[in-house]
Amino acid sequence: MAQRTFSIIKPDAVRKGFTAAILADIERAGFQIVAIKKQSISKEQAQGFYAVHAGKPFFEGLCAFMSSGPLVLMVLEKENAIADLRRVMGATNPANAEEGTIRKKYAESIGQNAIHGSDAEETAAFETGYWFAGYELI
Ligand code: CMP
């Protein structure tokens, strides 16, 4: 059965002009783009989105980075979308990412790692609802 996941093309990748290449990788992997929007977010919005990481040493830097420039918010659909997107993304730290993955090709560091993807059904539901209204999810 088709499953939905939530994803972000992060400010580093947008800044470097990798948006279209990353979208092409995602579509080539069989995902349908259910909803997509490019926008800038505030540090407070980033803190709410990443609340689960509050208090961790990288939290402040992560929220500053995510609010440093435009990013692309997406809801994606396919069978096994959550696990499959994480495979296509590659490891969180691009130094450990497999050849051909988005992070291997387009990311520079664990902090600036080009793309985010939900890690479970509950997080996908929270993250989708954080950025998209129901009427945007056709
Ligand atoms: P993401 O999948 O967006 O979820 C949380 C983010 O924290 C993660 O990607 C990384 O980009 C970022 N991050 C920064 N530093 C670290 C770290 N030391 N360990 C884990 N995640 C980190």
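Residues numbered from 1 in each chain as written. Predicted model: local features only at pLDDT ≥ 70, side-chain atom pairs only at ≥ 80, totals over all residues. Heavy atoms only, no water.

Chemist: Got a sec to walk through the pattern of salt bridges? Specific residues and values, please.
Modeler: Considering all chains together, one arrives at nine salt bridges under this definition. Note that Asp25 and Arg28 form a salt bridge whose closest N and O atoms lie 3.0 Å from each other. One end of the pair is Asp25 and the other is Arg28, both in helix α2 (residues 19-28) and three residues apart, which spans about a single turn. For Arg28, a relative accessible area of 65% translates into the label exposed. One salt bridge connects Asp84 with Arg87, and the closest N-O pair in it is separated by 2.3 Å. (Salt bridge = Lys/Arg side-chain N within 4 Å of Asp/Glu carboxyl O. Helix = DSSP H or I, 4+ residues; strand = E, 2+ residues; numbered from the N terminus. Buried < 20%, exposed > 50% of the residue type's maximum accessible area, 1.4 Å probe, protein only.)

Chemist: Could you give an account of the site of the ligand, naming the residues involved and the relevant values?
Modeler: Inspection of the region around the ligand gives Lys10, Tyr50, His53, Phe58, Leu62, Thr92, Arg103, Ile110, Gly111, Asn113 and His116 as its neighbouring residues. Measuring from an oxygen atom of the ligand, one finds a side-chain N or O atom of Lys10 at 2.7 Å. The side chain of Tyr50 places a nitrogen or oxygen atom 2.6 Å from an oxygen atom of the ligand. Coverage of the ligand by the protein amounts to 76% of the 450 Å² it exposes when considered alone. Residues of the shell around the ligand, tallied by class, amount to four nonpolar, five polar and two charged. (Near = heavy atom within 4 Å. Polar contact = N/O pair within 3.5 Å; in protein donor to acceptor, adjacent residues only side chain to side chain. Areas by Shrake-Rupley, 256 points an atom, 1.4 Å probe, with all protein chains shown as cover. Nonpolar A, V, L, I, M, F, W, Y, C, P; charged D, E, K, R; others polar.)

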